[in-house]
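# Inside the fold
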Amino acid sequence: MTGRGGHDVVVGIDPAGNWHLPLAWAVDEAQRRRLPLRLVLAVPPWHGTRHADGAPGPTAPAQEASDTLDEACGWARDRQPEVAVSGELPAGFPTAALGRAAREARMVVLGSRHLSRTAEFLSAGSTVVPVSAQADCPVVVVGDAEHISQQPPYLVVGVDGSPSAGAALAFAFDEADLRAAALRAVCVWQPPAFSPHDGEAALRAQRAMLSEATAGLSDKYPDVRVTHEVLTGHPVEELGRAAEHALAVVVGRRGRGGYTGMRLGSVVHGLLHRAHCPVITVPGR
């Protein structure tokens, strides 16, 4: 089974980070979607010290990981008692373990350590970029708490007319419907430095594209109040500003990227560092 029709919500537990925020998002989402929740905490290879008799030392990471996973599972069950919660301790590195888990997941939820872009590439502990680039299902990166005090609540979705943006739109409408939230469909036009073309004509074309892209989904989700916005500027900055008080920002990802962040897409990668709300990347169909 692929991630598109996956049967559970997967959340990566980072024992070195604050796992409460991503776990709260994941278990609440599992409850909204009536899906089970699977916690994954990978145990990398360990070459620790041993006692003179050959027995492992007392601080073996496998035991620490098991204790953390038990604590996290208990915390999730207390938060949403109706959600079926399970935990896994696969051997290996987090990126590979979460990549395997994503094959059968409806979505994967990760926390963010708020690393710099350089550290995101180089850190062995970073899973955000490679998992977001590789997963066949939506990936949610939770670095900050949701802005639930904003009334009415809303989500932002970036639209550029591409197939991946269409997949992001479909996900965003579904998510807004589940949450009884409004949806802001945002297209960002970045005018070229030197262009003989009429800027107003380009803006009209973007507005027409937004209307066409959302038409069928508005019929499918009549309870979702959707607005169309064409902004001018840099896509990362404008989408980040539009999502300043959003529940989440949803963007599409083209194709199946490699392990380098640049192949993830400059807008997606930029939002992972710019946005102050959860960032949801959706692979193109």
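Scroll up a little and you will see the structure.
In short, a report on the structure. Treat the numbers as computed from the prediction; the structure is a model and nothing was measured. (Residues numbered from 1 in each chain as written. Predicted model: local features only at pLDDT ≥ 70, side-chain atom pairs only at ≥ 80, totals over all residues. Heavy atoms only, no water.)

Turning to the packing of aromatic side chains, a few remarks are in order. Applying the stated criterion across every chain, the model contains two aromatic pairs. Ring centres 6.2 Å apart and planes at 85° place the aromatic pair W19 and W75 in the edge-to-face group. Here W19, found in the loop between β1 (9–12) and α1 (20–33), pairs with W75, found in helix α2 (residues 61–79); they are 56 residues apart in sequence, far enough to count as distant. Judged by its relative accessible area of 6%, W19 falls in the buried class. Ring plane angle 25° and centroid distance 5.9 Å describe the contact between F173 and Y221, whose orientation is recorded as stacked. (Phe/Tyr/Trp six-rings, centres within 6.5 Å; stacked < 30°, edge-to-face > 60°. Helix = DSSP H or I, 4+ residues; strand = E, 2+ residues; numbered from the N terminus. Buried < 20%, exposed > 50% of the residue type's maximum accessible area, 1.4 Å probe, protein only.)

Turning next to the nonpolar core. Soluble globular proteins tend to pack their nonpolar side chains together in the buried interior. Formed by 50 residues in total, the largest nonpolar core has its most connected members in L37, L39, V157 and V250. With eight residues, helix α6 (residues 163–179) is the single largest residue contributor to this core. Once residues lying within four places of it in the same chain are set aside, the contact partners of L37 are V9, V11, L23, A26, V27, A30, A76, V83, A84, V85 and S86. L98, V139, L239 and V279 belong to the second largest nonpolar core, which has 33 residues in total. (Core = buried A, V, L, I, M, F, W, Y, C linked by side-chain atoms within 4.5 Å. Contact = heavy atoms within 4.5 Å.)

Burial along strand β2 (residues 37–40) is two-sided: L37 and L39 and R38 and V40, pointing in opposite directions, are all buried. Both β1 and β2 contribute to a ladder of four bridges, which runs parallel. Along β2, the bridge assignment pairs V9 with L37. Viewed along the sheet, the connection from β1 through α1 into β2 turns out right-handed. (Pairing = 2+ DSSP bridges. Right-handed = clockwise from strand over helix to strand, strands pointing away.)

A word on the sheet that holds strand β9 (residues 249–253). Pairing in this open sheet of ten strands is mixed, and the strands run β3-β2-β1-β4-β5-β10-β9-β6-β7-β8 from one edge to the other. Both outer strands of the open sheet, β3 (85–88) and β8 (226–232), are each paired with one neighbouring strand and no more. Sheet twist, expressed as the mean angle between neighbouring strand axes with direction ignored, is 25°. Where strand β6 (residues 154–158) meets β9, two bridges bridge the pair, whose relative direction is parallel. Bridge assignment links V157 to a residue of β9, and that residue is V250. Along the sheet, α1 contacts β1, β2, β4 (107–111), β5 (139–142) and β10 (279–283); its crossing angle with β4, the most-contacted strand, is approximately 160°. (Axes fitted to C-alpha atoms, helices over the stretch in contact; angles between N-to-C directions.)

Just geometry here; none of it tells us what the structure is for.
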